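Understanding the architecture of this molecule
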Amino acid sequence: MHYIRLLRPVSVETTNRREEVLSVLLTITTDLGDSFFGPDEPSPSAVLAYPADQKSPLQWRAGMRVLKAQLRLREPLPREKTTVCIFARGSDRSKTPSVRPYWRHGYEDEQAELVVSVSVDMANRTCAPVSLRTLPLPRQADDGDGASNEDEHSLELGEDIGESIARHIWDAGLVTASFLGDSCRSAAVMADILPVRRDRINILELGCGVGILGTTVAGIIQDAAAAQGQSLLEAQVLLTDVDEAEERARANIARAEEVLEWRQTHVSEEGNGEEDESEEKPRPVRLEYENLDWDDGRQGAFGPLVVARAWDFVVLSDCTYNVDSLPALVGTLSALHKHSHSFQDDDVAADTRVILATKPRHASEEALFGLLGEQGWAHRVVKRVPLPRVGAEDEGVEVYVLERKESGQE
Ligand SMILES: C[S@@+](CC[C@H](N)C(=O)[O-])C[C@H]1O[C@@H](n2cnc3c(N)ncnc32)[C@H](O)[C@@H]1O
């Protein structure tokens with residue numbers, strides 16, 4: 001997967017000919033930033049921006065590392081909030097380019113699907129300091145009435161603008177979020193991966209980064225429960241990471257809250273045709289953040305939000321590529337399982353199920369399964385999503401379910 005990344009904020013400039021242009025400096029690179037997009041066909045790929053003039057797209061050619069350009073605007077950029085979207089178009093021009101090309105993992109238009117678009121909000125003609133990835137959630141059942149708009153169905157995740165690859169989305173998170181979004185209304189798939197057996201559910205994300213997996217799970221959990229005939233009264237999703245990730249994760253939680261609230265209201269309205277005053281009303285999915293470093297987690301040293309609950313699910317994506325941190329990570333999973341088991345008397349979750357997504361990058365990562373086995377975790381793969389790459393060897397994302405029945409032995 002390649003990502004269009006802004007290397008500096010977009011700016012509005014006026015040329016000598018008094019034309020207004022958007023000035024952009026971007027690259028198209030992988031999540032690790034270790035290779036650049038190189039279409040292996042003779043024609044260059046088009047990179048377009050909205051609301052710039054679409055007739056003169058930017059040309060990204062194989063071998064390029066950076067693209068600096070001025071894009072002519074069709075009309076002066078308004079002072080009100082405007083979203084500028086930058087996206088790639090495949091060589092097949094008959095296909096309409098989508099500004100949100102990465103939701104489906106079916107890859108209909110391979111090139112467009114595999115170059116992830118980016119957007120920025122401009123207010124007062126000044127670019128916000130974060131770029132945004134937009135992740136559409138599945139639409140609600142009654143969308144046909146036109147009462148809702150796109151924003152109510154999309155999660156926006158802010159990323160840093162610039163060269164650093166920290167605080168970005170990663171392939172395994174993106175693909176797994178897409179897979180869960182696509183499958184959340186399938187009873188069979190959800191019962192296998194995200195079984196909902198009671199009306200309160202607690203989900204914790206480890207190494208959340210900008211929060212793509214956790215916020216998506218928060219967005220789809222009501223649908224996943226409904227597909228299994230459950231109505232959730234309460235759902236808690238707690239994102240965790242090291243403190244450097246906190247600011248960006250919290251900002252993305254704030255972005256997601258409005259969407260989650262809207263969806264919850266909608267689900268409640270749909271489900272409450274005959275409302276009983278005495279019935280407990282479902283609450284919106286609660287999305288929170290707390291720091292959790294695995295070096296502390298492996299010792300069972302958790303913050304107050306982790307301690308407060310038993311965790312039905314732990315989710316994590318792209319956290320297993322650094323072999324040195326695997327013992328602390330696996331130790332944290334076991335400590336969380338032990339913590340949840342201690343709630344057993346209260347008739348709440350006892351066994352923590354883990355959903356782990358990874359894009360294997362090198363053979364040494366296999367050490368994960370040895371460490372898991374040593375601590376009593378059984379693993380099974382529930383989904384493999386092929387990840388074709390333009391101009392390079394194909395990859396894939398694997399989603400595992402890990403379960404451990406006994407508590408105690410560390
Ligand atoms: C490759 S990123 C993946 C981020 C996110 N899960 C995603 O899929 O986009 C790995 C994440 O693990 C976090 N991480 C690494 N070591 C950690 C540790 N010891 N404790 C907690 N988080 C850690 C990093 O801060 C980073 O956010």
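Reading the values: rules and limits
Counting restarts for each chain: residues are numbered from 1 in the order of the written sequence. Only residues with pLDDT of at least 70 get local features here, since the model is predicted, and only at 80 or more are side-chain atom pairs given and counted; chain-wide, interface and lining totals rely on the full set of residues. Only hydrogens and water are set aside; all other atoms, that is, all heavy atoms of the structure, feed into the side-chain values. Strands here are runs of E lasting at least two residues and helices are runs of H or I lasting at least four, both read from the DSSP assignment and numbered beginning at the N terminus. Every patch collects residues that have over 30% relative accessible area and no salt bridge, joining them within 9 Å if they carry like charges and within 5 Å if they are nonpolar side chains (Val, Leu, Ile, Met, Phe, Trp, Tyr). In this description, accessible areas are obtained by the Shrake-Rupley approach with a 1.4 Å probe, and a residue is regarded as covered only by the protein chains that are shown. Any carboxyl oxygen of Asp or Glu that lies within 4 Å of a side-chain nitrogen of Lys or Arg is treated as forming a salt bridge with it. Think of it this way: Lys and Arg go in the positive column, Asp and Glu in the negative one, and His and the chain ends go nowhere. Every charge is mapped to an atom, namely NZ of Lys, CZ of Arg, CG of Asp or CD of Glu. Relative accessibility under 20% of the residue-type maximum defines a buried residue, over 50% an exposed one, and the middle range a partly exposed one, all with a 1.4 Å probe and only protein chains included. Among buried residues, those of type Ala, Val, Leu, Ile, Met, Phe, Trp, Tyr and Cys that are joined through side-chain atoms within 4.5 Å constitute a nonpolar core. Domain ranges listed in this record stem from an automatic or a database domain assignment. In this scheme, a helix's expected span is set at 1.5 Å multiplied by one less than its residue total. A pair of strands counts as paired when DSSP detects no fewer than two bridges linking them. Contact between two residues is taken to exist if any of their heavy atoms lie within 4.5 Å; hydrogens are not considered. In plain terms, two cysteine sulfur atoms within 2.5 Å form what is called a disulfide here. Interaxial angle, 0 to 180 degrees, is taken between N-to-C directions of lines fitted to C-alpha atoms, where a helix line uses only the stretch in contact. Here is the rule for angles: anything less than 35 degrees is roughly parallel, anything more than 145 is roughly antiparallel, 65 through 115 is roughly perpendicular, and the remaining ranges are oblique. Charged residues are taken to be Asp, Glu, Lys and Arg, nonpolar residues to be Ala, Val, Leu, Ile, Met, Phe, Trp, Tyr, Cys and Pro, and polar residues to be all remaining types, Gly included.

1. Considerations on unusual backbone geometry
Trans is the common state for peptide bonds, and a negative phi is the common state for residues other than glycine. We note that Arg-18 has phi near 65°; this positive angle belongs to a residue other than glycine. The residue Arg-18 is located in the loop between strand 2 (11-14) and strand 3 (20-29) in this model. Of note in this structure, Asp-318 is not a glycine but carries a positive phi near 55°. Relative to the helices and strands, Asp-318 is located in the loop between strand 16 (313-317) and helix 8 (326-341).

2. Quick look at a negative patch on the surface
On the surface, Asp-243, Glu-244, Asp-293, Asp-295 and Asp-296 cluster together to form a negatively charged patch. Topologically, Asp-293 is positioned in the loop between strand 15 (286-291) and helix 6 (294-297). Judged by its relative accessible area of 30%, Asp-293 falls in the partly exposed class.

3. Considerations on the nonpolar core
If you look at the biggest cluster of nonpolar residues, it comprises 55 residues, and the most contacted ones within it are Met-1, Leu-174, Leu-194, Ile-201, Ile-203, Ile-221 and Leu-287. With 8 residues, the single largest contributor to this core is helix 4 (residues 212-227). Counting the residues that make up this core, at least three belong to each of domain 1 (2-128) and domain 2 (163-271 + 281-403). Residues Leu-22, Ala-52, Val-84 and Val-120 belong to the second largest nonpolar core, which totals 28 residues.

4. Examining helix 2 (residues 171-183)
In an α-helix, one turn spans 3.6 residues, which is why side chains three or four residues apart end up on the same side. A rise of 1.5 Å per residue sets the reference length of helix 2, with its 13 residues, at 18 Å; its end C-alpha atoms lie 18 Å apart and thus fit the reference within 8%. The element helix 2 is largely enclosed, with a buried count of 12 among its 13 residues. Within helix 2 the residues assigned to the buried category are Asp-171, Ala-172, Gly-173, Leu-174, Val-175, Thr-176, Ala-177, Ser-178, Phe-179, Leu-180, Gly-181 and Ser-183.

5. A look at the pairing of strand 17 (residues 353-358)
In summary, the side chains of a regular strand alternate between the two faces of the sheet. In terms of burial, strand 17 is largely enclosed, as 6 of its 6 residues are buried. Where burial is concerned, the two faces of strand 17 agree: the one with Arg-353, Ile-355 and Ala-357 and the one with Val-354, Leu-356 and Thr-358 are both buried. Pairing of strand 16 with strand 17, which is carried by 5 bridges, proceeds in the parallel orientation. Bridging from a neighbouring strand, Phe-313 pairs with Arg-353 of strand 17.

6. So, the environment of Val-118
Along the chain, the position of Val-118 falls in strand 9 (residues 118-123). Here Val-118 falls in the buried class, since its relative accessible area comes to 2%. Considered as a pair, Val-118 and Ile-4 are 114 residues apart in the sequence and their alpha carbons are 6.2 Å apart. Setting aside chain neighbours within four positions, we find Val-118 in contact with Ile-4, Leu-6, Val-84, Cys-85, Ile-86, Ser-131, Leu-132 and Arg-133.

7. Looking at the state of the cysteines
Taken as a whole and judged by the stated rule, the model has 0 disulfides. Not part of a disulfide, Cys-208 finds its nearest cysteine sulfur in Cys-319, a span of 8.6 Å.

8. Observations concerning helix 8
Between its first and last C-alpha, helix 8 extends 22 Å over 16 residues, near the 22 Å set by a 1.5 Å rise per residue. Burial within helix 8 is extensive, with 14 of its 16 residues counted as buried.

9. Some words on the packing of helix 2 against helix 4
Relative orientation of the contacting elements helix 2 and helix 4 amounts to 5°, with a least axis distance of 9 Å. Considering the angle they form, helix 2 stands roughly parallel to helix 4. Touching Gly-173, Leu-174, Thr-176, Ala-177, Leu-180 and Gly-181 of helix 2 are Ile-212, Leu-213, Thr-216, Val-217 and Ile-220, all from helix 4. Class assignment for the residues of the contact of helix 2 with helix 4 results in 7 nonpolar, 4 polar and no charged.

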